[in-house]
Amino acid sequence: MTNAMTEIPRTAFVLGGGGMLGGYQVGMLRALAEHDITPDLVVGTSVGSIQGAILAAHRTGDTIEALTAFWHDALTRKVMGVPLRPLLTNLVRMRPALATQDALREVLERHVGADTRIERLAIPFQCAAASIERATARYFDYGPLVPALLASSCIPGLWRPLRIGAEHYIDGGVVETVPLTRAVSFGAKEIYVLRLRQRELPLKSPRLPWQLGQTVFEVSRRHRLGQVINMRPAGVTVHLLPTGEDLLEPPDTGLHTGVRQQVEIFERRVAAGYRSTVEYLNATEERKTATIRPRTRDHRRIPPSPNSSRFVRDKLARFFDLFDHDRDQRVSFREYSAAADRICAAFACPPESATGTRLHHAITEFWAGLCREAGVDPGARLDRDRYVDALARLTGNPADYDTHVLPAIAAILAAADHDRDAVLNVDELHHLLNALGVDTAGIHAVSLRLDTNNDGVLSLDELDEAFADFFTSEEPGAPGNLLFGAAPLC
């Protein structure tokens, strides 16, 4: 039997890399199987390539048992260990590695077959590795399976680059942590992403020379990951399945625990991945959007000064006009609430829903902060000058911005996020600004400038930066100045 693709796949599973965290993927796959969700194409990288290959080899329903058996064997054999003899041999012979892949090769041969070929798997399968000579990704979709898996999971520094033909390969996670674009390229319309390492610690500027290399790699990897996840054509639905990593203790690399502890950790990860994915698959759209939250920051670039130039005050006056629909030069809480209603209506989001309730609450808090700065009761009306003064003080103070403004931005994103992917595309931004009464001529060009990491969509961080520019930046060229139109509203 051959798995050569003769039809465009409808559903694809994309399994990312993450080493010892692979147990989460086992639980995620179990949840997908119980919901009768099966792939027409499997694409993997690093440990995701190994688990994807086992999945592709078992269409009969015993995938979870096969994966569990593989992990128990791999953990018992300590395939990622550093035995003393190979370490000394590599040091003496000046090899760029601490250990060998011999143990992993033996385990793979037992669980997928020493002579198995990729094109003979039950489900079409591909895996990514990084070619050193070509400095790019290489996708294996035919030929011997075991060498391809060893190349895809060849951790730099731990194992020597693997030679296949005339090229040397290292871990596919170096170039494709999550090979989503490959599934998109082959025409998949429904893609389930089983991404590991979802709970990533915030990066800090390195203080020591040996910290720089890891920091540089992480910046590059995370930037690429953001682009891969968000840049997809219209008509493609991407499900970013949660691992449940936040349910457990900090990740364990396996370097400081014994076999029994590693097996226990693996089983807990399977359970966490299963529970979180079941909850995702059963969740309503409201529960999904409720996960969009502002990210805690150590500092802000907003200057803590209530003094604003004429340029900034003109922008704040333009913001006043968004709410002064009756053009009486006064704004009340009723008009703020009406703006929230218009946003909800634009995206068919009932005001009494969880998302609608959250938006109205955030708008209420925003208004309460303004009134506090203006020294009036929340039931009062603010004229233009008093409103601009209060907004300048509120947005110019970092603590007040985080308390009153940032939650409103996150709530607006949640309400406008019609396709529930936690970011805004151009169409969603267009509908949002229309709901606020903004002239959206040239909105595509504006969105390109606001998309500062060039991944095709606007995240909460990018919207936060745009709002901060609009409210506080003295630089005429700042892209956030374009957020609510380039000229006063009328």
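The rules we used
Residues numbered from 1 in each chain as written. Predicted model: local features only at pLDDT ≥ 70, side-chain atom pairs only at ≥ 80, totals over all residues. Heavy atoms only, no water. Phe/Tyr/Trp six-rings, centres within 6.5 Å; stacked < 30°, edge-to-face > 60°. Helix = DSSP H or I, 4+ residues; strand = E, 2+ residues; numbered from the N terminus. Buried < 20%, exposed > 50% of the residue type's maximum accessible area, 1.4 Å probe, protein only. Core = buried A, V, L, I, M, F, W, Y, C linked by side-chain atoms within 4.5 Å. Contact = heavy atoms within 4.5 Å. Salt bridge = Lys/Arg side-chain N within 4 Å of Asp/Glu carboxyl O.

1. Some remarks on the packing of aromatic side chains
Right, so step 1: Here the structure, examined in full by the defined rule, presents 17 aromatic pairs.
Right, so step 2: Judged by centre distance (6.3 Å) and plane angle (55°), the ring pair of Phe319 and Phe470 falls under tilted. Residue Phe319 is located in helix α11 (residues 310–323), and its partner Phe470 is located in helix α18 (residues 460–472); the two are separated by 151 residues in the primary sequence.
Right, so step 3: For Phe319, a relative accessible area of 4% gives the class buried.
Right, so step 4: Seen in terms of ring centroids, Phe467 and Phe484 are 5.6 Å apart; in terms of plane orientation they differ by 75°. Their pairing is edge-to-face. Of the two residues, Phe467 is situated in helix α18 and Phe484 in the segment after α18; the sequence distance between them amounts to 17 residues.
Right, so step 5: Phe467 sits in the buried class, given a relative accessible area of 10%.
Right, so step 6: In this structure an aromatic cluster arises from ring pairing among Phe319, Phe323, Tyr336, Phe366, Trp367, Phe467, Phe470, Phe471 and Phe484.

2. What to know about the environment of Asp321
Right, so step 1: As for its position among the elements, Asp321 is in helix α11.
Right, so step 2: With 116 residues separating them along the chain, Asp321 and Gly437 place their C-alpha atoms 9.1 Å apart.

3. A look at the nonpolar core
Right, so step 1: Phe319, Tyr336 and Phe484 are the most contacted members of the largest nonpolar core, which has 62 residues in total.
Right, so step 2: Listed by contribution, the elements that provide at least two residues to this core are α11, α12 (333–346), α13 (354–374), α14 (384–396), α15 (398–416), α16 (426–435), α17 (443–450) and α18.
Right, so step 3: With 11 residues, the top contributor of residues to this core is α15.
Right, so step 4: Non-local contacts of Phe319, meaning those with residues more than four positions away in its chain, are made with Tyr336, Phe366, Tyr387, Leu391, Phe470, Phe471 and Phe484.
Right, so step 5: Counting residues in hydrophobic clusters, the runner-up holds 57 residues, among them Val26, Ala66, Trp71 and Ala129.

4. Focus on the pattern of salt bridges
Right, so step 1: Enumeration according to the criterion identifies 12 salt bridges in this entry.
Right, so step 2: Residue Arg77 is joined to Glu106 by a salt bridge in which the shortest nitrogen-to-oxygen separation is 2.8 Å. Taken as a pair, Arg77 in helix α3 (residues 63–77) and Glu106 in helix α5 (residues 102–112) lie far apart in primary sequence, 29 residues in all.
Right, so step 3: A relative accessible area of 32% places Arg77 in the partly exposed class.
Right, so step 4: Its salt-bridge partner being Arg310, residue Asp314 comes within 3.2 Å of it at the nearest N-O pair. Here Asp314 and its partner Arg310 are both found in helix α11, 4 residues apart, which amounts to about one turn of the helix.
Right, so step 5: Under the relative-accessibility criterion, Asp314 is labelled partly exposed at 38%.

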